[in-house]
Amino acid sequence: MSDYRIETDSMGEVKVPKDAYYGAQTQRAVDNFPVSGIRFSRGFIEALGLVKKNAAKVNAELGELEEGVAEAIQKAASEVAEGRFDEDFPIDIFQTGSGTSTNMNANEIIAKRANELKEDEVDTQIHPNDHVNYGQSSNDVIPTSIRIAAILAVENNLIPALEHLQKAFKEKGEEFADVVKTGRTHLMDAMPVTIKQEFDGYARQLELGVERLESALERVTELPQGGTAVGTGLNTNPKFGVEMAKALSEEVDADLSEAQNHFEAQATVDTPVELSSQLKTIATGLMKIGNDLRWMNSGPNSGIGEINIEALQPGSSIMPGKINPVIEESITMVCAQVIGNDSAITVAGQSGNFELNVMLPVVAHNLLESINILGNAVRNLADRSVSRLSVNKERVADMVGRNPVLVTALNPLIGYDKAAKIAKKAFTESRPVKEVAREMTDLSDEELDQALDPIKMTKGGFME
């Protein structure tokens, strides 16, 4: 018995795997694009299924589709959205730039499954183009699916993860609020700061990241659906776009609207490019945070050694006892990937020729990958590193006391030049600044204690 069946489309006959729910057009794309083996993600397929489900619902409400046909399509599309047919989406993301192959992939799966699910009294043979794709074009379905998938991923994964890490930094900062450490500029010793101040800085970066995402999402919520082939809305009900936005708003619990201008919405991916740039900004900040933690943990004997990141796994195949900051290394690699994805999305955004962008699949893949790996890595950093780290209080206090830059606080009392001499002597002899200042000035112990109190230095103002 053959493992294939023969399917026919407008270009002729094609061999399709016997058990596949897709048809000829999908198979042609599989044959034409043996490029990377990378398929569309679960999140994108979910969004595509939701678009097809609600298109059938709206078309039935507008009197464009037979009720029984629409009901069967909705049931089949829901199964696609839920992941039942993920293995039947075999097409490489490096395909036709409109994503037509993947749109037809969905249409073929849904049509076949809808014919299985339809009620006995429905005589119509449900067709991928005539019914599942009714009133739609790949040119509005794919960019709409990109936006729906991005909204769901940002709101359900990335924003909660960023808020979770922000909370972890705030709580850990409060735990060590009384610990004063050496501040650093240019990787060199500078004036003291507290652990809380440093961690509050990280928390604010994350808070601003959430604000940036929320701002970008305001544009993402405008949906291209309803523009069909070139933005004119040919072959669709004039009310389709606005009704689709309403239906999808209820489906995904978001405030969606029809695009103000379908020509802009389909000719460009400016909005996904904007969202990607915000992801890049967040990744840039997380790269700094991850590297700061690595520096603070460095050692244990020959590095800074201010904090202890929990040991999670052996760090070397040859050096026993070596432990590495693996979670921080993981998130910095994720950040590098997100920054690279943004470059690809930026180039893709420049490939809008007249009425259509022709790099939609690569935008979809890279944008959703960035959102999801950022969300996963951020949550991992919070749970496996930040919430578990400890501070080496004695080492931190010793380093603060030997920091020659502390003499800065003496400038108003003894002048810059005298303070510089004290700093040089303290550094050369590896002695505490207070001890050297006691020898080289007429300041009393009380005055030195007052002027060189590290915790007071973290509060700004003059040390009087």
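Everything here concerns the structure above.
Note that this is a predicted model, so its numbers are computed, not measured.

Parameters at a glance
- Residues numbered from 1 in each chain as written.
- Predicted model: local features only at pLDDT ≥ 70, side-chain atom pairs only at ≥ 80, totals over all residues.
- Heavy atoms only, no water.
- Helix = DSSP H or I, 4+ residues; strand = E, 2+ residues; numbered from the N terminus.
- Rg over C-alpha atoms; globule rule 2.2 N^0.38 Å.
- Buried < 20%, exposed > 50% of the residue type's maximum accessible area, 1.4 Å probe, protein only.
- Areas by Shrake-Rupley, 256 points an atom, 1.4 Å probe, with all protein chains shown as cover.
- Lys, Arg positive; Asp, Glu negative; His and termini not counted.
- Charge placed at Lys NZ, Arg CZ, Asp CG, Glu CD.
- Axes fitted to C-alpha atoms, helices over the stretch in contact; angles between N-to-C directions.
- Parallel < 35°, antiparallel > 145°, perpendicular 65-115°, else oblique.
- Left-handed = near helix turned anticlockwise from the far one by under 90°.
- Contact = heavy atoms within 4.5 Å.
- Nonpolar A, V, L, I, M, F, W, Y, C, P; charged D, E, K, R; others polar.
- Expected span 1.5 Å × (residues − 1).
- Phe/Tyr/Trp six-rings, centres within 6.5 Å; stacked < 30°, edge-to-face > 60°.
- Patch = residues over 30% accessible without salt bridge, like charges linked within 9 Å, V, L, I, M, F, W, Y side chains within 5 Å.
- Salt bridge = Lys/Arg side-chain N within 4 Å of Asp/Glu carboxyl O.
- Pairing = 2+ DSSP bridges.
- Core = buried A, V, L, I, M, F, W, Y, C linked by side-chain atoms within 4.5 Å.
- Polar contact = N/O pair within 3.5 Å; in protein donor to acceptor, adjacent residues only side chain to side chain.

Counting secondary structure elements, the chain contains 18 helices and 10 strands. Computed over the C-alpha atoms, the radius of gyration of the chain is 30 Å, more than 25% above the 23 Å expected from 2.2 N^0.38 for a compact globule of 464 residues. Judged by the C-alpha coordinates and their principal axes, the chain covers about 100 × 50 × 35 Å. A total of 464 residues make up the chain; the buried ones form 51% of that total. As presented, the chain carries roughly 21400 Å² of accessible surface, and 50% of it is formed by carbon and sulfur atoms. Distance from the positive charge centre (45 side chains) to the negative charge centre (71 side chains) of the chain: 8 Å.

Here helix α2 (residues 42-61) crosses helix α3 (residues 67-82) at 170°, and the two axes come no closer than 8 Å. Viewed along their axes, α2 and α3 adopt a mutual orientation that is roughly antiparallel. Here α2 runs over α3; the crossing is left-handed. Of the residues in α3, those in contact with Arg42, Ile45, Glu46, Gly49, Leu50, Lys52, Lys53, Ala56, Lys57 and Ala60 of α2 are Glu67, Ala70, Ile73, Gln74, Ala77, Ser78, Val80, Ala81 and Glu82. The residue makeup of the contact of α2 with α3, split by class, is 9 nonpolar, 3 polar and 7 charged.

For the rest of this paragraph, the subject is helix α8 (residues 240-252). End to end, α8 covers 18 Å across 13 residues, agreeing with the expected 18 Å (1.5 Å per residue, within 8%). In this fold, the buried residues of α8 make contact with α2, α6 (138-175), β5 (222-223) and β6 (257-258). At the exit of α8 stands aspartate 253, carrying a positive phi of roughly 55°.

Looking now at helix α7 (residues 195-220). Taking 1.5 Å per residue, 26 residues should reach 38 Å; α7 reaches 38 Å between its end C-alpha atoms and fits that length. Within α7 the residues assigned to the buried category are Ile195, Glu198, Phe199, Tyr202, Ala203, Leu206, Gly209, Val210, Leu213, Ala216, Leu217 and Val220.

This part takes up the packing of aromatic side chains. Scanning all chains against the criterion turns up 5 aromatic pairs. On the numbers, 5.2 Å between centres and 75° between planes, the contact of phenylalanine 169 with phenylalanine 199 is edge-to-face. Here phenylalanine 169, found in helix α6, pairs with phenylalanine 199, found in helix α7; they are 30 residues apart in sequence, far enough to count as distant. Residue phenylalanine 199 is classed as buried on the basis of its relative accessible area of 0%. Arranged with centres 5.8 Å apart and planes meeting at 35°, the rings of phenylalanine 199 and tyrosine 202 form a pair that is tilted.

Turning to the packing of helix α10 (residues 270-297) against helix α11 (residues 326-349), a few remarks are in order. Between α10 and α11, the least distance of the axes is 8 Å, while the angle of their chain directions is 155°. Relative to α11, the element α10 is oriented roughly antiparallel. Here the hand of the crossing between α10 and α11 comes out left-handed. For the contact of α10 with α11, the class distribution of residues is 13 nonpolar, 7 polar and 5 charged.

So, about a nonpolar patch on the surface. A surface patch of nonpolar side chains, amounting to about 250 Å² of accessible area, comprises Val35, Ile38 and Phe94. Topologically, valine 35 is positioned in the loop between α1 (24-32) and α2.

With that out of the way, let us pick up the pairing of strand β3 (residues 180-185). In terms of strand pairing, β3 meets strand β4 (residues 188-194) through 5 bridges, oriented antiparallel. Bridge pairing in β4 links threonine 182 to proline 192. If you look at the hairpin formed by β3 and β4, you'll find 2 residues sitting between the two strands, and histidine 186 has a positive phi there, around 60°.

Before going further, it helps to spend a moment on the nonpolar core. If you look at the biggest cluster of nonpolar residues, it comprises 110 residues, and the most contacted ones within it are Phe169, Leu286 and Ile371. Take this core: its biggest share by element is 17 residues, from α6. In this structure, phenylalanine 169 is in contact with Phe199, Tyr202, Ala203, Leu206, Ile289, Leu293 and Val386, ignoring residues within four places of it in sequence. Listed in part, the 16 residues of the second largest apolar core include Ala423, Val433, Leu443 and Leu452.

This part covers the pairing of strand β1 (residues 4-9). Bridge analysis of β1 against strand β2 (residues 12-17) gives 6 bridges, and the strand direction is antiparallel. Paired with glutamate 7 across the two strands is valine 14, which belongs to β2. Between β1 and β2, which pair antiparallel one after the other, the connecting turn spans 2 residues.

Next up on the list: the side chain of glutamine 27. Mapped onto the fold, glutamine 27 is located in helix α1. Note on glutamine 27: relative accessible area 9%, which makes it buried. Not counting residues within four places of it along the chain, the set of residues in contact with glutamine 27 comprises Val14, Lys15, Val16, Pro17 and Tyr22.

A word on the side chain of threonine 194. Tracing the backbone shows threonine 194 in strand β4. At 2.9 Å, the side chain of threonine 194 forms a polar contact with the backbone nitrogen of glutamine 197. Residue contacts for threonine 194: discarding those within four places in its chain leaves Ala177, Val179, Val180, Lys181, Ile455 and Thr458.

These results come straight from atomic positions and should not be treated as a statement about function.
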